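# Architecture at a glance
These are the residues of each chain, in order.
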Amino acid sequence: MKHFLIGAAALTLTTAAHAESWDMPTPYGDTTFHTQNIMQFTDDVRAATDGGLDITIHSAGSLFPHSEIKGAVRNRQVPMGEFFLSTLSNEDLAYGLDSQPFVATSYEDAAKLWDAQRPVVTELLAEQGLMPLFSVPWPPQGLYTNGEIATVADLNGLRFRAYNAALEEFAALAGAAPVQVEASDIPQAFATGQVAAMITSPSTGVNSTAWDFVTHYSPINAWVPKNIVVVNQRMFDGLDADTQAAVIAAAETAQTRGWEMSAAEAETMTAALAENGITVYEPSAELVEGLQGIGATMLENWQTNASESAAAILQAYQQ
Ligand code: PCA
């Protein structure tokens with residue numbers, strides 16, 4: 001009997017001290033501000049739970065390739081993960097409105113769009129047993145090429161790096177040839193001639209040392225796409241109430257901090273491109289007009305194919 005009691009007491013102690021270890025796959029490298037923001041998030045969770053929830057980040061697609069991260073969280077292979085939100089637009093166009101050209105081009109509009117998008121995205125993800133924790137935008141997207149681009153016609157025939165269906169459509173409408181390439185493969189894709197131009201943030205330009213393979217950058221600021229961090233609802237529900245509250249609080253802080261980091265990077269990383277020898281130029285009126293024409297065509301296509309909930313986002317955003 002004595003033996004039994006000691007055993008039971010020891011068991012209680014171990015249960016109380018039991019630390020949960022979670023793995024978290026992310027698509028982008030450690031120098032990316034999104035990854036750094038997530039590192040801070042996991043530090044905050046560790047501190048708030050006295051080490052009770054220890055999240056290990058597996059960055060740059062090292063645990064799951066980007067395209068498999070959402071499914072891995074859904075299937076509970078991992079409890080939590082990050083991905084580029086608009087890659088889900090093949091499931092529902094509601095996920096992709098932030099990647100439609102010239103719908104939301106400033107941080108203010110991007111925040112308004114996320115307010116309109118969040119309830120719909122939350123509901124869609126809930127159908128798959130997923131819960132959004134926070135979403136952070138990349139800096140406004142700019143154009144990287146060799147030589148200056150004066151009009152859309154200058155993009156004709158260029159092999160163009162794409163990261164989602166919207167950018168593929170954009171490149172095709174510009175007469176370019178889209179090629180899907182993950183962010184971590186950008187330097188290799190340029191070095192081997194797989195691609196010759198791209199649209200992405202100044203952050204990704206700097207993280208992939210764009211000055212090694214292009215000469216010019218134009219901040220066309222055509223859209224402000226977001227990453228999202230999601231958790232598997234059942235795994236989240238399995239945490240005790242205090243740990244759940246710590247995760248939610250750290251997620252809110254991470255979202256605020258991430259938007260601030262992004263806005264700061266829009267300036268500092270554009271400056272870094274110039275410091276490293278890239279010619280940064282304002283797009284000509286003619287180029288902007290041409291790109292806006294492509295955007296208008298894309299939005300028409302989007303509206304034709306939008307689900308009811310996707311259309312409701314646009315409506316709420318435009319009000
Ligand atoms: N960087 C990511 C997504 C958008 C961005 O700015 C990329 O280029 O893949």
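In case you missed it, the structure is sitting above this.
The rules behind each value
- Residues numbered from 1 in each chain as written.
- Predicted model: local features only at pLDDT ≥ 70, side-chain atom pairs only at ≥ 80, totals over all residues.
- Heavy atoms only, no water.
- Near = heavy atom within 4 Å.
- Polar contact = N/O pair within 3.5 Å; in protein donor to acceptor, adjacent residues only side chain to side chain.
- Areas by Shrake-Rupley, 256 points an atom, 1.4 Å probe, with all protein chains shown as cover.
- 1 Å grid on protein atoms, 1.4 Å probe; cavity = no way out; pocket = protein on both sides within 12 Å on 5 of 7 lines; lining within 4 Å.
- Sits in = over half its atoms within 2 Å of the grid points.
- Nonpolar A, V, L, I, M, F, W, Y, C, P; charged D, E, K, R; others polar.
- Pairing = 2+ DSSP bridges.
- Helix = DSSP H or I, 4+ residues; strand = E, 2+ residues; numbered from the N terminus.
- Right-handed = clockwise from strand over helix to strand, strands pointing away.
- Salt bridge = Lys/Arg side-chain N within 4 Å of Asp/Glu carboxyl O.
- Buried < 20%, exposed > 50% of the residue type's maximum accessible area, 1.4 Å probe, protein only.
- Expected span 1.5 Å × (residues − 1).
- Bend = angle between axes of the 7 residues up to and from the residue.
- Contact = heavy atoms within 4.5 Å.
- Axes fitted to C-alpha atoms, helices over the stretch in contact; angles between N-to-C directions.

If you check the shell around the ligand, you find Y28, F84, W138, Q141, R161, Y163, A183, T200, S201 and T204 and nothing else. Taking R161, its side chain carries an N or O atom lying 2.7 Å from an oxygen atom of the ligand. Within the side chain of T200, one N or O atom sits 2.7 Å away from an oxygen atom of the ligand. Bound to the protein, the ligand loses 99% of the 260 Å² it would expose on its own. According to the grid-proximity analysis, the pocket containing the ligand is the largest cavity. In terms of residue class, the shell around the ligand is built from five nonpolar, four polar and one charged.

For strand β1 (residues 20-25) and strand β2 (residues 53-58), the ladder comprises six bridges, and the chain directions are parallel. What sits directly across from S21, in β2, is D54. Running through helix α2 (residues 33-48), the crossover from β1 to the neighbouring parallel element β2 is right-handed.

As a further point, take the pattern of salt bridges. Working definition: two side chains of opposite charge can pair if their charged atoms are close together. This model, assessed by the stated rule, comprises five salt bridges. Notably, a salt bridge pairs D43 with R46, separated by 2.8 Å at the nearest N-O pair. Linking D43 with R46, this pair stays in helix α2, spanning three residues, or about one helical turn. Looking at D43, the relative accessible area reads 39%, which means it is partly exposed. With a shortest N-O distance of 2.6 Å, E91 and K70 are connected by a salt bridge.

Moving on: helix α4 (residues 107-126). Given a rise of 1.5 Å per residue, 20 residues ought to cover 28 Å, and the 27 Å separating the end C-alpha atoms of α4 matches this to within 8%. The sharpest bend along α4 measures roughly 40° and falls at Q117, with the proline P119 sitting one to four residues further on. Every buried residue of α4 is accounted for by Y107, A110, L113, W114, A116, Q117, V120, V121, L124 and L125. Along its buried surface, α4 packs onto β4 (130-137), β10 (226-232), α9 (241-275) and α11 (308-318).

Our next topic: the sheet that holds strand β3 (residues 80-84). Strand order in the open sheet formed by three strands is β3-β10-β4, with antiparallel pairing between adjacent strands. Lying at the two open borders of the sheet, with one neighbouring strand each, are β3 and β4. Put simply, the sheet's adjacent strands are angled 25° from each other on average, direction ignored. Inspection of the sheet shows β3 paired to β10 by five bridges, in the antiparallel sense. Residue M80 lies in a different strand from β10, and its bridge partner there is V231. α4 contacts β4 and β10 of the sheet and is inclined by roughly 165° relative to β4. Strands in contact with α9 are β3, β4 and β10; relative to β4, the strand with the most contacts, it is inclined by about 25°.

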